[in-house]
Amino acid sequence: MNPLRRSSTRINMQITAILAMDSSLLIWSKNGLPWHIPEDMKRFKEFTTGGIVVMGRNTYLSLPERFRPLPNRRNIVITRTEIDGVECYSSIELFISAMQKKTVEQVWLIGWASLYDQFFARGLVDRVELTLLDWEHEWDIRVSEFCSDFHEISSTEFSQGRFITLVRNS
Ligand SMILES: NC(=O)c1ccc[n+]([C@@H]2O[C@H](COP(=O)([O-])OP(=O)(O)OC[C@H]3O[C@@H](n4cnc5c(N)ncnc54)[C@H](OP(=O)(O)O)[C@@H]3O)[C@@H](O)[C@H]2O)c1
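Residues numbered from 1 in each chain as written. Predicted model: local features only at pLDDT ≥ 70, side-chain atom pairs only at ≥ 80, totals over all residues.

Asker: Describe the nonpolar core, listing the residues and the values that go with them.
Answerer: The nonpolar side chains of soluble globular proteins are, as a tendency, buried together. In terms of nonpolar packing, the biggest core is built from 31 residues, with V54, L109, Y116, F119 and V125 touching the most fellow members. Listed by contribution, the elements that provide at least two residues to this core are β1 (14–22), β3 (52–56), β4 (74–78), α3 (92–101), β6 (106–109), α4 (113–121) and β7 (127–133). Among the elements that line this core, the one with the most residues is α4, at 5 residues. (Core = buried A, V, L, I, M, F, W, Y, C linked by C-beta atoms within 7 Å. Buried ≥ 20, exposed ≤ 12 C-beta atoms within 10 Å, placed from the backbone. Helix = DSSP H or I, 4+ residues; strand = E, 2+ residues; numbered from the N terminus.)

Now the structure itself:
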């Protein structure tokens, strides 16, 4: 078993992945979002404002400059390349250990593909706030087949698809 696999004694915080994808588990890889869905932006903001967001270096650098760092949130970047003025950790292990020292309760994992995959593969994600878009797009990066490890606890339809909350199977 991966030594970082979640167990109640070792990792006490909740890690929630927030992501949008289509029904074939594809996410968009190019910089910037391929849509402008105010409901989705609003939801992202409501969830994450005041909290801790963790992301890979490409995601951080893909944020428009006026939103970088994301305002009113503690921004954390996983990277082996320090970014001036940004709280960075050179591995997921170091990030988890730093969060544990300060008894952090909740972290939002905001991407991108490589980080989603690593967090899912290690069983580190407790909850997923998913925007499942019901339209086809030229999305090209497949995220891990995480769905079978989770079950849906709520779902709300909106104009472009569904907002779904999933929690890890116990
Ligand atoms: N559509 C969108 O909204 C959106 C958003 C974000 C990204 N993207 C795009 O999605 C594509 C794929 O992005 P990605 O998955 O490569 O992005 P990512 O996860 O945001 O960033 C990857 C980088 O994060 C660091 N990293 C990842 N895992 C690490 C680990 N275990 N330890 C230390 N550092 C780690 C590495 O940075 P270092 O090389 O510095 O070590 C790695 O190069 C890119 O083209 C990106 O621009 C799109």
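Asker: Explain unusual backbone geometry to me, and be specific about the residues and the numbers.
Answerer: Here R68 and P69 are connected by a cis peptide whose omega angle stands at -5°. Turning to its location among the elements, P69 is positioned in the loop between α2 (57–62) and β4. Looking along the chain, the bond that leaves G111 and enters W112 is cis, with omega of 10°. Structurally, the position occupied by W112 is in the loop between β6 and α4. Of note in this structure, N72 is not a glycine but carries a positive phi near 60°. With respect to the helices and strands, the residue N72 is situated in the loop between α2 and β4. One non-glycine residue, T103, lies in positive phi territory at about 45°. Among the structural elements, T103 can be located in the loop between α3 and β6.

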